[in-house]
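Each chain, letter by letter, is given below.
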Amino acid sequence: MTSTDPKMFAQDLPTPEPETPCRPRQPYRFSTLCATVENPSQKDQYGSSSVPIYQTATFKGVNGQYDYTRSGNPTRSHLEHHLAKISSAAHAFVVSSGMAALDTILRMLKPGDEVIAGDDLYGGTNRILAYLKTHGGVTVHHVDTTKPDTLLPYINPEKTAMVLLESPTNPLLKIVDLARIAVDIKERAPNAVIVVDNTMMSPYLQRPLEHGADIVYDSATKYLSGHHDLMAGVITCNRDDLAKQMGFIVNAAGNALTPFDCFLLLRGSKTLAIRMDRQQATSMLVAQMLDRLGFKVHYPGLAGHPNRDVHERIADGYGAVLSFTTGDKALSERIVGATRLWGISVSFGCVNSLISMPCVMSHASIDPATRAARGLPEDLIRLCVGIEDPADLLDDLERALLEAGAITLTAGGDLHQRYIRTIPSEGTAISRAVQKLALNESAGYATECNEDREWFVSAPGKVILFGEHAVVYGVTAVAASVDLRCYGVTTPRHDGKVSVHFIDIDSFKQEWEVDDLPWDAVTPVRVGDFHPDTLDHKLVDAITTRALSSEVLAKPSARQACIAFLYMYMIMAHGGNRPSFNFSARATLPVGAGLGSSASFSACAATALLLLYSRIQLPAQPAPTTDGHVHTSHEGRRAIPPVLAEEVNRWAFVSEKILHGNPSGVDNSVAVFGGALSYTRPGFGRKAGMLPIQGFKSLKFLLTDSRVPRNTKQLVAGVAALKEQEPEFVNGLLSAIQHISDEAQRALADPQLSRQTLLSALSALINENHGHLVKLGVSHPSLEAIRSKTATPPYALSTKLTGAGGGGCAVTLVPDDLSESNLRELMAALSTDSFVPYLTSVGGSGLGILSPYNPPQLLATPPETPREGEAGAGTVELLRDAFAGKATADLSAWADSLGRWLFV
């Protein structure tokens, strides 16, 4: 080939070459079109390989193609031809920004016109539409465009002038069926102009003109440029009439793009395809990582993304923008601030990765009420993925999540450490979420390992120190944990069955085939959601009528415990996981004595199920003491983080609703958190809720079970009747009890109060409170007998009823100076009178879990775990077997001997 060969000159080659009879040529692929900037009608006289910058305001001559750069410029013409080519368009215009592009389009509207727009639009789009609505006489209807039928009521053949769409939307990545909406609009309002903001996809991944759109615009600042070194907007269309109108507006308004910015945009567009390939490949990795960790992720590439099938029909890829929620705005702010590679900035589409919070940045111009109405979470984080190495981006994001406290490093059932999601704390969460580990491979493995071990859990009972009965009428009650506990053990079965053994209820046993349970009645609580405020009565009824035999139904206590257990077991199930195991429960608490035995059972059952379903994970072991680090042992106290405890407490409250109907939440809160708290019922003019009593000092009490059954509902009804008959008398008593509770809270929380002064004060308050309860008619001769016995010398102790009264338990404050011999003598005297005394401390630890990091020989883990009916020499004894066989008096000491416990 010689230098005179005409094929040496690239500008002579058409783009693409037309087919010939001898050798047909396929149209060029998109990436080739991007890289090949050719305009056959505008050949450069010097054959330059890069379009020159015609940096001039005016052109000499008369009647030439160009006279004034506002009206036209060769560099701009090359760019517009190139963008039209890659957008499947006949016309293209480039202007000074994406918003300038939208402004140009909207200037075609006139007063009286109506616009239908989406409800999840870019903040700037909302701002300019609001301006037109207020000042331009244009009516704007915001609708959920992800549901095409929602547009139909707003289509007016005479007035609907424009329909404004985005897909995917920004920032929630909602998918809109552009093709179907285009058909619906053209059938009902033929003159309406369909406009699509295609910035999130770019022409590489989506070309809406091919799906019925009339006008498409992009903020070329984003993907088309790709470097965030210019501001530009692009408008494309195929209709000559629309092109004529918009061309006039661009020239008249003077918002056309400058020659130098045209050059930059033309240069950036050449690498559009290769940049986006890298960006969306990394985006998928980021989305999958966040999804595995349990965050709610918005990204069309994820299998569960709404309308994903629609997106795959109209687009060629998933894009490089995703968003996720954390459940807590403050947590989101910490995550954003903790990143290093991810730059904190508005906008997207750059080669560098960006992170932002739309509600305080790009969408801040939308008022909070409107954001809330449109479902835009305040804690939403938007990620705009660049072309950095994927491993570096993932590592930086993971470190930011860890530093912010959004994830924690923990051990699964195999003791290998992995990152898992933490739960935002109560009171600050916006859309709280819990671990979604079982929905992915590593979580599935963790769940399997959790099923293959025995879990041993415990929770304390409670005692109401002050405020019984009066709490019903808004008086503050003071409650504290007691060192008498309920225990629960889960043991794997591997036979497709789930079973329970309630040792304290006449050693009740029951088993079910997992697949035979009424799963068709279940509406599962998805990982990331809370149980609704009301029970799912459809599921309760299905369990009662289809899973429980007549023999079980005839035993009220066992029946309710079975319903509560199965309800949580079924409604927590997710990801197809239905573990096969046995749950055994027993307590050192007297059952039915008003000491919160049902709440401690609920806490144990909820914890066991949450562990088996991997909806909670325990924190990793603390670093051991080394030359450079000192580890202080707290004997497991406060080893369970509050966020985990809060999740257990929510589910324990669900169980309590099944057991009791309308619980206050006090009992389960004490069972989970331990210590002491005050509770005020809402609706009585005081600040309602539960508050921990900080600085509570552990106290010694004698709990004496009268062994007289109580009828709580009858006792509560009796007080209500008395209040109705003698309101002034009862209200006076309630006011006096409130003063007692207030004084007790101050005394218990006062670090400056001496131990002796505290005990003296509590002793007086106990006597005073009991006297008011007697006047309310809720005491019982057995309780008065206990009180009389403990008050006689040499004991001289203060005693009051606790709980509903009418039987049940009495609580006696034991001072530090009471001798051991006198205490033993008193307990023996009470036992002689057929009462059952328990010496316990009050205000200790809450929920406990036997540490999975204890030596493995203490746990029955595969392959040592025998299947049902198997026996083997040398196998480790199952916890369940030893648990069931221990005497009640020995249970606590045996549990403590198994190894380190983790407590709230």
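In case you missed it, the structure is sitting above this.
Residues numbered from 1 in each chain as written. Predicted model: local features only at pLDDT ≥ 70, side-chain atom pairs only at ≥ 80, totals over all residues. Heavy atoms only, no water.

(A) Fine view of the packing of helix H11 (residues 329-338) against helix H13 (residues 390-404). Between H11 and H13, the shortest axis-to-axis distance is 8 Å and the interhelical angle comes to 135°. Of the possible angle classes, the one that applies to H11 and H13 is oblique. The interaxial crossing formed by H11 with H13 has right-handed handedness. Mapping the contact onto sequence places Leu 331, Arg 334, Ile 335 and Ala 338 in H11 and Ala 400, Leu 401, Glu 403 and Ala 404 in H13. Across the contact of H11 with H13, the residue classes break down as 6 nonpolar, no polar and 2 charged. (Axes fitted to C-alpha atoms, helices over the stretch in contact; angles between N-to-C directions. Helix = DSSP H or I, 4+ residues; strand = E, 2+ residues; numbered from the N terminus. Parallel < 35°, antiparallel > 145°, perpendicular 65-115°, else oblique. Left-handed = near helix turned anticlockwise from the far one by under 90°. Contact = heavy atoms within 4.5 Å. Nonpolar A, V, L, I, M, F, W, Y, C, P; charged D, E, K, R; others polar.)

(B) Fine view of the packing of aromatic side chains. Evaluated as defined, the whole model comprises 21 aromatic pairs. The interplanar angle of 45° and the centroid separation of 5.9 Å between the aromatic rings of Phe 456 and Tyr 487 together place this pair among those described as tilted. Here the residue Phe 456 occupies a position in strand E15 (residues 455-466), and Tyr 487 occupies one in strand E16 (residues 477-492), the gap between them amounting to 31 residues. Looking at Phe 456, the relative accessible area reads 1%, which means it is buried. Ring centres of Tyr 569 and Phe 581 lie 5.9 Å apart, and the angle between their planes is 55°; this geometry places the pair in the tilted category. (Phe/Tyr/Trp six-rings, centres within 6.5 Å; stacked < 30°, edge-to-face > 60°. Buried < 20%, exposed > 50% of the residue type's maximum accessible area, 1.4 Å probe, protein only.)

(C) Looking closely at the nonpolar core. Counting residues in hydrophobic clusters, the biggest one holds 100 residues, and the most contacted among them are Tyr 569 and Phe 583. If one sorts the elements of this core by residue count, helix H17 (residues 556-571) sits on top with 12 residues. Non-local contacts of Tyr 569, meaning those with residues more than four positions away in its chain, are made with Val 498, Val 514, Leu 517, Trp 519, Arg 578, Pro 579, Phe 581, Leu 609 and Tyr 613. By size, the runner-up hydrophobic cluster in this structure holds 57 residues, among which are Val 51, Leu 173, Val 176 and Ala 320. (Core = buried A, V, L, I, M, F, W, Y, C linked by side-chain atoms within 4.5 Å.)

(D) The arrangement of the pattern of salt bridges in detail. This structure, assessed with the given rule, holds 28 salt bridges. The closest approach of N and O atoms between Asp 103 and Arg 107, which form a salt bridge, is 2.8 Å. Overall, the relative accessible area of 22% leaves Asp 103 in the partly exposed class. With a shortest N-O distance of 3.4 Å, Asp 113 and Lys 110 are connected by a salt bridge. Among the charged side chains, a network of salt bridges with common partners joins Asp 149, Arg 180, Asp 184, Glu 187 and Arg 188. (Salt bridge = Lys/Arg side-chain N within 4 Å of Asp/Glu carboxyl O.)

(E) Looking closely at helix H20 (residues 666-673). For H20, the buried fraction is high: 6 of the 8 residues fall into the buried class. Inspection of H20 places Val 666, Asn 668, Ser 669, Val 670, Ala 671 and Val 672 among the buried residues, and these make up the whole buried set. The inward-facing, buried residues of H20 contact E15, E16, helix H18 (597-612), helix H19 (642-660), strand E20 (676-680) and strand E21 (689-692).

(F) Representation of the sheet that holds strand E1 (residues 91-95) within the structure. Across the sheet, which stays open at both edges, the 7 strands sit in the order E1-E7-E6-E5-E4-E2-E3 with mixed pairing between neighbours. Lying at the two open borders of the sheet, with one neighbouring strand each, are E1 and strand E3 (139-143). Direction aside, neighbouring strands of the sheet carry axes that sit 20° apart on average. When strand E4 (residues 160-166) meets strand E5 (residues 193-197), the two strands line up parallel, connected through 5 bridges. Residue Met 162 lies in a different strand from E5, and its bridge partner there is Val 193. Helix H4 (residues 123-135) contacts strand E2 (114-118), E3, E4 and strand E6 (215-219) of the sheet and is inclined by roughly 145° relative to E3. The sheet contacts of helix H7 (residues 240-253) involve E1, E5, E6 and strand E7 (233-237), and relative to E1 the element is tilted by about 20°. (Pairing = 2+ DSSP bridges.)

(G) Representation of the pairing of E7 within the structure. Most of E7 is tucked away, with 5 of its 5 residues classed as buried. On E7, burial covers both faces: Gly 233, Ile 235 and Cys 237 on one face and Val 234 and Thr 236 on the other are all buried. Here E1 pairs with E7 via 5 bridges, running antiparallel. Residue pairing across strands places Val 94 opposite Val 234, the latter belonging to E7. Bridge count between E6 and E7: 5 bridges; the pairing is antiparallel.

(H) Up close: the sheet that holds strand E10 (residues 343-344). Taking strand neighbours across the sheet as the criterion, the 5 strands line up as E8-E9-E12-E11-E10 in an open arrangement whose pairing is mixed. Where the open sheet ends on each side, the last strands, each with one partner, are strand E8 (296-298) and E10. Here E8 runs beside strand E9 (residues 321-325); their pairing, made up of 3 bridges, is antiparallel. Counterpart to His 298 in the pairing with E9 is Ser 323. Of the strands in this sheet, E8, E9 and strand E12 (381-384) are in contact with helix H9 (residues 272-293), which crosses E9 at around 10°.

(I) View of the state of the cysteines. Evaluation of the coordinates by the stated rule reveals 0 disulfides. The structure places no disulfide on Cys 486, whose sulfur is separated from the nearest cysteine sulfur, that of Cys 604, by 4.1 Å. On the accessibility criterion, Cys 486 (4% relative accessible area) is buried. (Disulfide = S-S within 2.5 Å.)

(J) A look at the environment of Leu 293. Here Leu 293 lies in helix H9. In this structure Leu 293 comes out as buried when scored by relative accessible area, which is 8%. Separated by 127 residues in the primary sequence, Leu 293 and Ile 420 have C-alpha atoms spaced 5.5 Å apart.

(K) Highlighting helix H23 (residues 755-775). The terminal C-alpha atoms of H23 lie 31 Å apart, and with 21 residues this matches the ideal 30 Å at 1.5 Å per residue to within 8%. Listed in full, the buried residues belonging to H23 are Leu 758, Leu 759, Leu 762, Leu 765, Ile 766, Asn 769, His 770, His 772 and Leu 773. The buried residues of H23 occupy one face: seen down the axis, they fall within an arc of 155°. Close packing links the buried residues of H23 with E15, strand E22 (699-705), helix H22 (727-749), helix H24 (781-791), strand E23 (799-801) and strand E24 (809-813). Backbone geometry just downstream of H23 places Gly 777 in the positive-phi region, at approximately 80°. (Expected span 1.5 Å × (residues − 1). Arc of directions from axis to C-beta.)

(L) Structural view of the pairing of E5. Counting buried residues along E5, 5 of its 5 residues qualify, which places the element largely inside the surrounding structure. Burial of the side chains of E5 extends over both faces: Val 193, Val 195 and Asp 197 are buried on one face and Ile 194 and Val 196 on the other. Following the backbone out of E4, through helix H5 (residues 178-188) and into the adjacent parallel E5, one traces a crossover that is right-handed. (Right-handed = clockwise from strand over helix to strand, strands pointing away.)

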